[in-house]
Amino acid sequence: MSQKKCPICSAPLTTAEFKPFCSKRCADVDLSRWLKGGYAIPGRPSDQADEVPGGPDPSDA
Ligand SMILES: [Zn+2]
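What counts as what
Residues numbered from 1 in each chain as written. Predicted model: local features only at pLDDT ≥ 70, side-chain atom pairs only at ≥ 80, totals over all residues. Helix = DSSP H or I, 4+ residues; strand = E, 2+ residues; numbered from the N terminus. Buried ≥ 20, exposed ≤ 12 C-beta atoms within 10 Å, placed from the backbone. Contact = placed C-beta atoms within 7 Å.

**Student:** Residue-level account of unusual backbone geometry, with values.
**Tutor:** For residues other than glycine, phi is negative in most cases, and the peptide bonds are mostly trans. Backbone torsion omega between lysine 19 and proline 20 reads 5°, so that peptide bond is classified as cis. Mapped onto the elements of the fold, proline 20 is located in the segment before α1 (24-39). Even without a glycine there, the phi angle at serine 10 is positive, about 65°. Mapped onto the fold, serine 10 is located in the segment before α1.

Shown next, in the form of C-alpha cells:
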C-alpha cells in the first residue's frame, strides 16, 4: 500500500506537486490552520495595543 492520502480531505494523492496534500486548496487549508494555531494566543484579548507605538521613530535619523 504505497497510496498516500490527503490529510485534509482524505482523497488519494494524484500528484506530488502539493505533497503531502492533494491540491493547493488543501495545502492552503492546512496552512491557515497552522497559522491560526501558531499565532493565536488563547485567553489573551487583542485590545492591548498601546504597548506598541506603531513603528520606528522617524526623528531618530
Ligand atoms: Zn485534499
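**Student:** I'd like a description of the environment of cysteine 6, backed by residues and values.
**Tutor:** With respect to the secondary-structure elements, cysteine 6 resides in the segment before α1. Separated by 14 residues in sequence, cysteine 6 and proline 20 place their C-alpha atoms 6.4 Å apart.

**Student:** Describe the environment of lysine 5, and please don't skip the residues or the numbers.
**Tutor:** Considering the arrangement of structural elements, one finds lysine 5 in the segment before α1. Lysine 5 sits in the exposed class, given 12 other C-beta atoms within 10 Å. Taking C-alpha positions, lysine 5 is 9.9 Å from lysine 19, a pair spaced 14 residues apart along the chain. Contacts of lysine 5, omitting those with residues within four sequence positions, involve Ser10, Ala11, Pro12 and Leu13.

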